[in-house]
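Commentary on secondary and tertiary structure
So you can see what is in the structure, the chains are spelled out below.
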Amino acid sequence: VEAVAAAVRAAFGIRVDMVPLELGRVAAVRESAEMAGEVLGGEPLDLLVNNAGVMACPMMFSDDGVELQYAVNHLGAAALTLALLPALRASK
């Protein structure tokens, strides 16, 4: 993953930061959003790509008691976006 970020930095000359994220637990999503806020240091967030998910996994439940595929593919991404919404809105 870091190699991809380095390639994007080199190709486009832009800042690329990565934060670990576990979409299956709401508490983990909040922790990652807080970490992202620290990395941003008050700067706006110009782009958020919600492109992660699981498919065709056995029936499992998240630590929050939600079916895992739904938790990861929908609830986690929504929670992340909502947590980062102020930084996204600050972007021009």
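This report concerns the structure included in the present document. Everything quoted here is computed from the prediction, not taken from an experiment.

Another aspect to go through is the environment of Leu-45. Position of Leu-45 among the secondary structure elements: in the loop between helix H2 (26-40) and helix H3 (68-89). Residue Leu-45 is classed as buried on the basis of its relative accessible area, which comes to 15%. Separated by 46 residues in the primary sequence, Leu-45 and Ser-91 have C-alpha atoms spaced 5.9 Å apart. In this structure Leu-45 touches Leu-40, Leu-84, Ala-87, Leu-88 and Ser-91, once residues within four positions along its chain are discounted.

Turning next to H3. The end-to-end C-alpha distance of H3, which contains 22 residues, comes to 29 Å, matching closely the 32 Å that a straight helix rising 1.5 Å per residue would cover. Leu-68, Ala-71, Val-72, Gly-76, Ala-77, Leu-80, Leu-84 and Ala-87 are the residues of H3 that are buried. In the core, the buried residues of H3 are packed alongside H2. Near the N-terminus of H3, the side chain that reaches the backbone nitrogen of Gln-69, with its oxygen 3.2 Å away, is that of Glu-67.

A separate point is the packing of H2 against H3. As a packed pair, H2 and H3 sit with axes 9 Å apart at the nearest point and diverge in direction by 30°. With respect to H3, the element H2 is oriented roughly parallel. Relative to H3, H2 is oriented so that their crossing is right-handed. Contacts from Val-29, Ala-33, Ala-36 and Leu-40 of H2 reach H3 at Gly-76, Ala-79, Leu-80, Ala-83, Leu-84 and Ala-87. Residues belonging to the contact of H2 with H3 are distributed by class as follows: nine nonpolar, one polar and no charged.

Analysis parameters
- Residues numbered from 1 in each chain as written.
- Predicted model: local features only at pLDDT ≥ 70, side-chain atom pairs only at ≥ 80, totals over all residues.
- Heavy atoms only, no water.
- Helix = DSSP H or I, 4+ residues; strand = E, 2+ residues; numbered from the N terminus.
- Buried < 20%, exposed > 50% of the residue type's maximum accessible area, 1.4 Å probe, protein only.
- Contact = heavy atoms within 4.5 Å.
- Expected span 1.5 Å × (residues − 1).
- Polar contact = N/O pair within 3.5 Å; in protein donor to acceptor, adjacent residues only side chain to side chain.
- Axes fitted to C-alpha atoms, helices over the stretch in contact; angles between N-to-C directions.
- Parallel < 35°, antiparallel > 145°, perpendicular 65-115°, else oblique.
- Left-handed = near helix turned anticlockwise from the far one by under 90°.
- Nonpolar A, V, L, I, M, F, W, Y, C, P; charged D, E, K, R; others polar.

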